[in-house]
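Residues per chain are reported as follows:
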Amino acid sequence: MDFYYHPASPYCRSVMLVAKALKLSLNLQFVDLMKDEQLRPTFTVLNPFHCVPTLVDNDLTMWESRAILVYLVDKYGRTNSRLYPKDAKTRAIINQRLFFDHGTLGTRLEDYYYPLYFEGATPGGEKLEKLEEALAVLNGYLINNPYAAGPNITLADYSLVSTVTSLEVVQHDLSKYPAISAWYEGCKATMADFQEINESGMQQYRLTSSLVPHLQLLHMPFAE
């Protein structure tokens, strides 16, 4: 499979972590967003939204990281893989966590930090309260379970951990959420090649962002 990515994108890293968990080999195709390579005709013909991650598996081309995660497990995972089990109730909980990550936690992170850094908004206020509310919900999920959707690590964790890495990059205070902190450290220890894939990508994020306005990478064409 051809996988078009940029390591600074948390959404790309979530796919790479799941591929590693499934022991899949991705043909990595680096897209240099700093040079607008995503606008080249050879890429836009694959993805008219010219964003990463983008996956090409034979005649299937898709973007949106959470859709890619589900596809990889459905096609290449073991039957009834714990990452995304067939049981309807378990899968529903995982789906809810995935949609919560996309539509609530990730959205509120962007709603707060984008104006803060791009528009000179004043820190604090209702948008920060909304973000903290979402983090409190995530913390609640993790109080009675080691992982986001229950006793086992699932696709929900691979998606959510990427969002939390973004919070780490912007130095958001997570100390008031002990369950998130414990889960985050557990993911680092449990997910195969987390250091190589995720933390090295975060380091590149920090290095690249030192060359452009702070947090500009968050505003780049990353497909959630």
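Keep in mind that what you see is a predicted model, and the values were worked out from it rather than measured.

Reading the values: the criteria
Residues numbered from 1 in each chain as written. Predicted model: local features only at pLDDT ≥ 70, side-chain atom pairs only at ≥ 80, totals over all residues. Heavy atoms only, no water. Helix = DSSP H or I, 4+ residues; strand = E, 2+ residues; numbered from the N terminus. Rg over C-alpha atoms; globule rule 2.2 N^0.38 Å. Contact = heavy atoms within 4.5 Å. Areas by Shrake-Rupley, 256 points an atom, 1.4 Å probe, with all protein chains shown as cover. Lys, Arg positive; Asp, Glu negative; His and termini not counted. Charge placed at Lys NZ, Arg CZ, Asp CG, Glu CD. Pairing = 2+ DSSP bridges. Axes fitted to C-alpha atoms, helices over the stretch in contact; angles between N-to-C directions. Buried < 20%, exposed > 50% of the residue type's maximum accessible area, 1.4 Å probe, protein only. UniProt positions renumbered as here; feature names shortened; annotations may be inferred. Parallel < 35°, antiparallel > 145°, perpendicular 65-115°, else oblique. Nonpolar A, V, L, I, M, F, W, Y, C, P; charged D, E, K, R; others polar.

Some details on the overall build of the protein
Logical step 1: Across its full length, the protein holds eight helices and four strands.
Logical step 2: Starting at the N terminus and walking to the C terminus, you meet the elements of the protein as β-α-β-α-β-β-α-α-α-α-α-α.
Logical step 3: Against the 2.2 N^0.38 benchmark of 17 Å for 224 residues, the protein shows a C-alpha radius of gyration of 17 Å, consistent with a compact globule.
Logical step 4: Counting only C-alpha atoms and orienting by the principal axes, one finds that the protein spans roughly 45 × 45 × 25 Å.
Logical step 5: Within the protein, counting contacts between residues at least 6 apart in sequence, those at least 24 apart form 66% of the total.
Logical step 6: Counting only carbon and sulfur atoms, one obtains 52% of the accessible surface of the protein, whose full area is about 10700 Å².
Logical step 7: The averaged location of the 25 negative side-chain charges in the protein is 6 Å from the averaged location of its 19 positive side-chain charges.

Some points on the side chain of Thr154
Logical step 1: One can find Thr154 in the loop between helix 5 (126–143) and helix 6 (155–169).
Logical step 2: Dropping the residues within four chain positions of it, Thr154 is found in contact with Arg82, Leu83, Ile94 and Ala149.

Describing the sheet that holds strand 1 (residues 2–5)
Logical step 1: Read from one edge of the open sheet, four strands run 2-1-3-4, paired in mixed fashion. The open sheet is flanked by strand 2 (27–30) and strand 4 (60–63), the only strands paired with a single partner. Neighbouring strand axes in the sheet, compared pairwise and without regard to direction, differ in orientation by 20 degrees on average.
Logical step 2: Pairing geometry for strand 1 and strand 3 (residues 54–57), over three bridges, is antiparallel. Paired with Tyr4 across the two strands is Thr54, which belongs to strand 3.

Digging into the pairing of strand 3
Logical step 1: Taking every second residue as pointing to the same face, both faces of strand 3 are buried, with Thr54 and Val56 on one and Leu55 and Asp57 on the other.
Logical step 2: As paired elements, strand 3 and strand 4 share four bridges and run antiparallel to each other. Its bridge partner being in strand 4, Thr54 is matched across the sheet by Trp63.

Some points on the UniProt feature "domain: GST N-terminal" (unreviewed entry) in the protein
Logical step 1: Those places that UniProt annotates as "domain: GST N-terminal" (unreviewed entry) correspond, in this numbering, to residues 1–80.
Logical step 2: Across residues 1–80 one finds 35% helix and 20% strand; the C-alpha atoms that close the span lie 23 Å apart.

Regarding the packing of helix 3 (residues 65–76) against helix 4 (residues 88–118)
Logical step 1: Close contact between helix 3 and helix 4 brings their axes to 11 Å; oriented N to C, the two are set at 155 degrees. In terms of orientation, helix 3 and helix 4 fall into the roughly antiparallel class. Each of Arg66, Val70 and Asp74 in helix 3 lies in contact with helix 4, whose residues at this interface are Arg91, Leu98, Asp101 and His102.
Logical step 2: Residues that form the contact of helix 3 with helix 4 fall into these classes: two nonpolar, one polar and four charged.

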